[in-house]
2 protein chains.
Amino acid sequence: MLIVAIGGGTGLSTLLRGLKNFDVDIVAIVTVTDEGGSSGILRREYRIPPPGDVRNNIVALAEDESLIAKLLQYRFDGNGSLAGHSLGNLMLAALTKMLGSFPRAIEALSDILAIKGRVLPVTDEMVRLVAKKSNGEIVIGEEAISKREGKVEEIKLDKSASALDEVVENLKKADMIVVGPGSLYTSVIANFLIDGVGEAIRDNGRAVKIYVANIMTQPGETEGYTLYDHYKEVVKYSGVKFDAVLVNSQPPPQDVLERYRKEKADMVSIDFERFDIPVILEPMVTLVTDERDGKVKARHDPMKLAEAVLNFKGWKKQ
Amino acid sequence: MLIVAIGGGTGLSTLLRGLKNFDVDIVAIVTVTDEGGSSGILRREYRIPPPGDVRNNIVALAEDESLIAKLLQYRFDGNGSLAGHSLGNLMLAALTKMLGSFPRAIEALSDILAIKGRVLPVTDEMVRLVAKKSNGEIVIGEEAISKREGKVEEIKLDKSASALDEVVENLKKADMIVVGPGSLYTSVIANFLIDGVGEAIRDNGRAVKIYVANIMTQPGETEGYTLYDHYKEVVKYSGVKFDAVLVNSQPPPQDVLERYRKEKADMVSIDFERFDIPVILEPMVTLVTDERDGKVKARHDPMKLAEAVLNFKGWKKQ
């Protein structure tokens, strides 16, 4: 069974980390519009697609605890010229320059790590996100979009770009297509702004299509959004008719929730009565300390998420 | 048969590139006093031994043409924050920080590349070279020493440092010890400034000991040095009684020689009559374009050098 999962860095890698334990073929389709940190610097200085999200997903599909997977995630600290760069990003940058294309670099790094499954950038073109915020402001670039106040009212690319052929092929032959979890506009919908992605999913009438919602709302993107608000936006940009929505039902501990609320985030409220497709509620929360800011975050538990996804049509587990 | 080879970056890696084709165990002992380029930046910014020479020797012992070996040698260009860094140096820097020691980082990278043989830094202490030049000037640091005019009259370290235990152990159990080729003071003799190296070689009465001389003299280090001048300096700093000196007998093409002469370098003249040990002359020149400056250099041919070394006592080839 071929599962194609679409998203960005953190959310998608969580799903992959669970899925790789089951007897399924996995293709991960990853957005390339990240502009923050190490990825942003490499994008600007070396004119290559931002490697960070791809790197996270390659590592998620690698053998746990392998030294080379850890090496890819190593981030230089201090104030030197390398500060903030993760080594895996530098490897992808070097491979892109050596081999002449970002997709070939990803394939080479995937081979070196002998990962289970494939990671594909949604496109090999250099594009930027452009958002209209709820206050009317136009913001260019992924990092700025999530940092400026206000919900995203509309999002598009700075120019049109086409999906990689392999992306389209895999979406067309998938047995299951999983969209999310991940930052709604900058990680999930960003993929549907690329020509050919939504169409390929719509053309595949056979695949089961699931949208996995986020656990928490996200300031700068989805403040106050209910489950249906998320879903509606994904459908609006993708044109995809989903078979089900999967959402976490378990609140994070009170102290974590309080901290989120201080930062204008909250649990996604589940307005299931507005849906005309099945909504599957599963307790799937785990707490993870985010290495970038040291904060405890409510994330999907990889195994619970993967099991919930695979259980949808009663597929046999490994 | 265990061959232990001692040197620096380019010369030692040439020997290893040949030796790995034969059925011998190889340990390379590498100086850690490089301060130029990428190595120098990592040394200063991240307080780790300079990784460049070690990287060159790891790659020399890796499978030829393997993608990951090429990746290690990839050097970022342009004007970005990464310009001049080779990716292998960055990997060694990250592994050193992750694993807490430079020798463990080298071992880990060697495992990742599945190299034939071992590469050992002569010490894991941070030391600098200090030279007195023929004009009386005191120069600190490897890069400055080879760039300032004048021969090296005396060389020492800025502080004492001890050889790694594994270095001493391997020197004591070696069947053959090969010293050079490489920059006389900054690559070869630099190893004998570390406490325990010369002693371990002298203690091994059983090993065959060969000094491989350079093809060309080197401005800033050995201007006008004859073969015996080279040999005498190695003996002076190491206290080693060599069984033979191996030297190239074949002049490089006239145009290459002319270019060297314009840069104050020349073929090492072979004053064999001054030696009381065997001098072996073999034609071993090959021309290599140096990636760092684009110039055509006269270097040892890896296979001819390895064969000449292994033939010394009539050892059977693979």
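Whatever comes next refers back to the structure up there.
The structure contained in this document is the topic of the report that follows. (Residues numbered from 1 in each chain as written. Chains lettered and ligands numbered in written order. Predicted model: local features only at pLDDT ≥ 70, side-chain atom pairs only at ≥ 80, totals over all residues. Heavy atoms only, no water.)

### Observations concerning the interface of chain A and chain B
Taken together, the contact pairs 27 residues of chain A with 27 residues of chain B. Summed over both partners, the interface of chain A with chain B buries about 2,300 Å², with 80% contributed by carbon and sulfur atoms. A per-residue breakdown of the area chain A buries against chain B is headed by Tyr46(A), Leu67(A) and Met98(A), which together make up 24% of the total. Secondary-structure elements contributing two or more residues to the side of chain A that touches chain B are α2 (37-46), α4 (67-73), α5 (87-99) and α6 (102-113) of chain A. Considering every element that reaches the side of chain A that touches chain B, the biggest residue donor is α5(A), with 9 residues. (Contact = heavy atoms within 4.5 Å. Buried area = accessible area lost by both parts, 1.4 Å probe. Helix = DSSP H or I, 4+ residues; strand = E, 2+ residues; numbered from the N terminus.)

### Focus: the packing of helix α1 (residues 10-19) of chain A against helix α13 (residues 302-311) of chain A
Residues and elements named next belong to chain A. Between α1 and α13, whose axes approach to 7 Å, the crossing angle comes to 75 degrees. Overall, the two elements α1 and α13 adopt an arrangement that is roughly perpendicular. Of the residues in α13, those in contact with Thr 14, Leu 15, Arg 17, Gly 18 and Leu 19 of α1 are Pro 302, Met 303, Leu 305, Ala 306, Val 309 and Leu 310. Here the contact of α1 with α13 is composed, by residue class, of 8 nonpolar, 2 polar and 1 charged. (Axes fitted to C-alpha atoms, helices over the stretch in contact; angles between N-to-C directions. Parallel < 35°, antiparallel > 145°, perpendicular 65-115°, else oblique. Nonpolar A, V, L, I, M, F, W, Y, C, P; charged D, E, K, R; others polar.)

### Examining the packing of aromatic side chains
One pass over the structure, following the stated rule, counts 16 aromatic pairs over all chains. For the ring pair Tyr74(B) and Phe76(B), a centre distance of 5.2 Å and an interplane angle of 90 degrees mean the geometry is edge-to-face. A relative accessible area of 2% means that Phe76(B) is categorised as buried. Following the ring pairs from residue to residue traces out a cluster consisting of Tyr211(A), Tyr228(A), Tyr231(A), Phe242(A) and Phe275(A). When the ring centre of Tyr260(A) is taken as reference, the NZ or CZ atom of Arg259(A) above it lies at 4.7 Å. (Phe/Tyr/Trp six-rings, centres within 6.5 Å; stacked < 30°, edge-to-face > 60°. Buried < 20%, exposed > 50% of the residue type's maximum accessible area, 1.4 Å probe, protein only. Lys NZ or Arg CZ within 6 Å of the ring centre and 35° of its normal.)

### Observations regarding the pairing of strand β9 (residues 244-248) of chain B
Residue and element names in this part refer to chain B. For β9, the buried fraction is high: 5 of the 5 residues fall into the buried class. On β9, burial covers both faces: Ala 244, Leu 246 and Asn 248 on one face and Val 245 and Val 247 on the other are all buried. The pairing of strand β8 (residues 208-212) with β9 spans 3 bridges and is classified as parallel. Looking at the pairing, Tyr 211 lines up with Val 245 of β9. Viewed along the sheet, the connection from β8 through helix α11 (residues 227-238) into β9 turns out right-handed. Summarising the sheet, β9 and strand β10 (residues 279-282) pair through 4 bridges and their orientation is parallel. When the bridges of β10 are listed, Asn 248 appears paired with Glu 282. (Pairing = 2+ DSSP bridges. Right-handed = clockwise from strand over helix to strand, strands pointing away.)

### Some details on the sheet that holds strand β6 (residues 152-157) of chain A
Residue and element names in this part refer to chain A. Here 3 strands make up an open sheet; going across it, the order is β5-β4-β6 and the pairing antiparallel. Two strands bound the open sheet, and with one partner strand each, they are β5 (138-140) and β6. The sheet shows a mean angle of 20 degrees between the axes of neighbouring strands, direction not considered. In this sheet, β5 lies alongside strand β4 (residues 129-133) in antiparallel orientation, the contact comprising 3 bridges. Paired with Lys 132 across the strands is Ile 138, a residue of β5.

### So, the relation of the copies chain A and chain B
Superposing chain A onto chain B takes a rotation of 180 degrees plus a shift of 0.0 Å along the axis, which leaves an RMSD of 0.0 Å. With respect to symmetry, the two chain copies, as superposed, fit the operation of a two-fold axis. In terms of proximity to the rotation axis, the leading residue of chain A is Ser81(A), whose C-alpha is 2.8 Å off the axis. Taken together, the interface assignments show that 100% of the residues at the interface of chain A recur at the interface of chain B, consistent with an identical surface on both copies. (Least-squares fit on C-alpha atoms with pLDDT ≥ 70 in both.)

### Notes on the side chain of Ser187(A)
Residue and element names in this part refer to chain A. Topologically, Ser 187 is positioned in helix α9 (residues 184-192). For Ser 187, a relative accessible area of 11% puts it in the buried group. When sequence neighbours within four positions are dropped, the list of residues in contact with Ser 187 reads Gly 7, Gly 8, Gly 9, Thr 31 and Gly 182.

### Comments concerning the side chain of Arg259(B)
Examined against the element boundaries, Arg259(B) turns out to sit in helix α12 (residues 254-262). If we skip the residues at most four places from it in the chain, Arg259(B) touches Lys295(B), Val296(B) and Lys297(B).

Spatial relationships are all this shows, so hold off on functional conclusions.
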